[in-house]
Amino acid sequence: MTSTFLPDKRSGPDVGLPPPAAGAAKGRARRRALHWLTAVGFQVPALVLFIGLVLLPMLFALYAAFFRWGGFGMPSDYIGTENFTQLLDNPVFVGDLWRCLVLVVLSLAVQLPFALAMAVLLNQRLRGRAVYRMLFFAPYVLSEAITGVLFGMIFAPDDGLADHFLGGIGLDGLGGEWFADPSNVMATLFLVMTWKYFGFHMMLYLAALQSVPRELTEAALIDGANSWQRFRSVTLPLLAPTLRISVFLSVIGAIQLFDLVWVTTQGGPDHHSETMAVTMFQYGFKRYQVGYASAISVVMFGICLVFALAYQRFVLRRDLEGATTTMRGGGK
């Protein structure tokens, strides 16, 4: 009679160890927690800076807008919405809104089309096009303060380079008080803005033009399309996402324009070149009416926020949906 030895299942080296599936689950949980802690560690410094330098000042400006406050101590003279109602009765601020609208319209109608035309031209095979690109982009690299001082000297009355140039070609009657004449100051200021900022938009368009597949334009050429038809039907639709971003940046920049105006004209003559940001600075740091200046900043923020949300909802919606779909697809 033989006996079969059956090992005791309760003994052996594997007793007390968790099942393999449970160990793998714990390992995944540990890695997930480590990844989460790493992400939090990288985000906390940026979040602290954002809260301390952006969010808290915005909330305090909103709080101070309901007080008559000179900027010293804590606001205590609560006046409700009086600062906001005074804005609507202030002809300078109403003029700021009108001038902001003029700058936006001129930027969209003149500056951006000019930048697009230069981008299309410099996208061709031209000798020395790299030099032209550098020269046209160089003004954007200069600070607004340097640009303002430079054009202050160029458009100086009777002694500036602009008047000397016009006098040299027999058009001295066109010269005059560029920044000092209320009827000319906004046109001169927009000329300076175009010189300063069109190179940035031109480089955006150049980058987008270089990503247009050459096969599409060649196919349109084979079909008999001329240069304008190829640009209108092939190139321009492919540039649409870049154009929409460029328009957004241009409008927001026109609303927030400050430093270039302050260096060149300080809002003069007689408020004819003043913007909302310049008015806010005048009341906050010149007249020490910080509560009133805070109300102006809140209105500026509200205008930018409403425009950004509406633009994203009605203009950038298709671009954002495409980006979201691509990101989800890449994560699978």
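Trainee: For this particular structure, what's the right way to read the confidence of the model for the chain?
Mentor: It should be kept in mind that the predicted coordinates are not to be read in detail where pLDDT is low. Across the chain, the average pLDDT comes to 87, with 88% of residues at or above 70. Segment residues 324-332: pLDDT under 50, and zero contacts once partners within four positions in sequence are set aside and those in other chains are kept.

Trainee: Whenever I open this one, the nonpolar core confuses me. Can you help?
Mentor: Most often, soluble globular proteins have nonpolar side chains that are buried together. Ranked by size, the top nonpolar core spans 38 residues in total, and within it Leu103, Phe155, Leu257 and Ile296 carry the most contacts. Elements represented by at least two residues in this core include exactly α3 (91-122), α5 (144-154), α6 (161-168), α7 (185-209), α9 (227-255), α10 (259-264), α11 (276-286) and α12 (290-314). Per-element tally for this core: the top contributor is α7, with seven residues. Formed by 14 residues, the second largest nonpolar core is a distinct cluster that contains Leu112, Ala119, Tyr205 and Phe231.

Trainee: Teacher, can you tell me more about the environment of Leu108 here?
Mentor: Mapped onto the elements, Leu108 comes out in helix α3. The partly exposed category is assigned to Leu108, whose relative accessible area is 34%. Contacts of Leu108, omitting those with residues within four sequence positions, involve Pro113, Val247, Ser250 and Val251.

Trainee: Looking at this model, I keep getting lost on the pattern of salt bridges. Mind explaining?
Mentor: Think of it this way: side chains of opposite charge can pair up when their charged atoms draw near. Here the structure, examined in full by the defined rule, presents four salt bridges. Residues Arg68 and Asp77 are paired through a salt bridge, measuring 3.1 Å at the closest nitrogen-oxygen approach. When its relative accessible area of 34% is taken as the criterion, Asp77 is described as partly exposed. Two residues, Arg68 and Glu82, come together in a salt bridge whose shortest N-O distance is 3.1 Å. Placement of Arg68 in the loop between α1 (20-64) and α2 (82-89) and of Glu82 in helix α2 is noted, with a sequence separation of 14 residues between them. With a relative accessible area of 46%, Arg68 lands in the partly exposed category.

Trainee: Is there a simple way to explain the packing of aromatic side chains in this structure?
Mentor: The description of two aromatic rings rests on the distance between their centres and on the angle between their planes. Per the stated rule, a full pass over the model turns up 24 aromatic pairs. Residues Phe307 and Tyr311 carry aromatic rings whose centres are separated by 5.3 Å and whose planes lie at 35° to one another, so their mutual orientation is tilted. A residue pair is termed a helical-turn pair when its members lie 3 or 4 positions apart in one helix, as Phe307 and Tyr311 do in helix α12 at four residues. For Phe307, a relative accessible area of 22% puts it in the partly exposed group. For Tyr311, a relative accessible area of 9% translates into the label buried.

Trainee: What should I look at first to understand the packing of helix α8 (residues 214-222) against α9 in this one?
Mentor: The angle between the axes and the distance between the axes are what describe a pair of packed helices. Packing of α8 against α9 brings their axes to within 10 Å, and their N-to-C directions diverge by 165°. One element, α8, and the other, α9, form an angle in the roughly antiparallel class. Relative to α9, α8 is oriented so that their crossing is right-handed. For the pair α8 and α9, contact is made by Leu216, Thr217, Ala220 and Leu221 and by Arg230, Val234, Thr235 and Leu238, respectively.

Trainee: Please clarify how α12 should be interpreted in this entry.
Mentor: Every α-helix winds through 3.6 residues per turn, so residues three or four apart in the chain are directed the same way. Taking 1.5 Å per residue as the helical rise, α12 with its 25 residues ought to reach 36 Å, and the 36 Å between its terminal C-alpha atoms agrees with that figure. Residues of α12 that are buried: Val290, Gly291, Tyr292, Ala293, Ser294, Ala295, Ile296, Met300, Cys304 and Tyr311.

Trainee: I'm lost on the environment of Ala162 in this one. Help?
Mentor: The topology assignment puts Ala162 in helix α6. On the accessibility criterion, Ala162 (12% relative accessible area) is buried. In sequence terms Ala162 and Gly176 are 14 residues apart; their C-alpha atoms lie 9.1 Å from each other. Discounting chain neighbours no more than four positions away, the residues touching Ala162 are Ile154, Phe155 and Trp178.

Trainee: How should I be thinking about the packing of α5 against α7 in this particular structure?
Mentor: Between α5 and α7, whose axes approach to 11 Å, the crossing angle comes to 140°. In this view, α5 runs oblique relative to α7, as classed from their interaxial angle. Handedness of the crossing formed by α5 with α7: right-handed. Of the residues in α7, those touching α5 at Glu144, Thr147, Leu150 and Phe151 are Val192, Trp195, Lys196 and Tyr197. Per-class residue counts for the contact of α5 with α7 are five nonpolar, one polar and two charged.

Analysis parameters
- Residues numbered from 1 in each chain as written.
- Predicted model: local features only at pLDDT ≥ 70, side-chain atom pairs only at ≥ 80, totals over all residues.
- Heavy atoms only, no water.
- pLDDT = per-residue confidence, 0-100.
- Contact = heavy atoms within 4.5 Å.
- Core = buried A, V, L, I, M, F, W, Y, C linked by side-chain atoms within 4.5 Å.
- Buried < 20%, exposed > 50% of the residue type's maximum accessible area, 1.4 Å probe, protein only.
- Helix = DSSP H or I, 4+ residues; strand = E, 2+ residues; numbered from the N terminus.
- Salt bridge = Lys/Arg side-chain N within 4 Å of Asp/Glu carboxyl O.
- Phe/Tyr/Trp six-rings, centres within 6.5 Å; stacked < 30°, edge-to-face > 60°.
- Axes fitted to C-alpha atoms, helices over the stretch in contact; angles between N-to-C directions.
- Parallel < 35°, antiparallel > 145°, perpendicular 65-115°, else oblique.
- Left-handed = near helix turned anticlockwise from the far one by under 90°.
- Expected span 1.5 Å × (residues − 1).
- Nonpolar A, V, L, I, M, F, W, Y, C, P; charged D, E, K, R; others polar.

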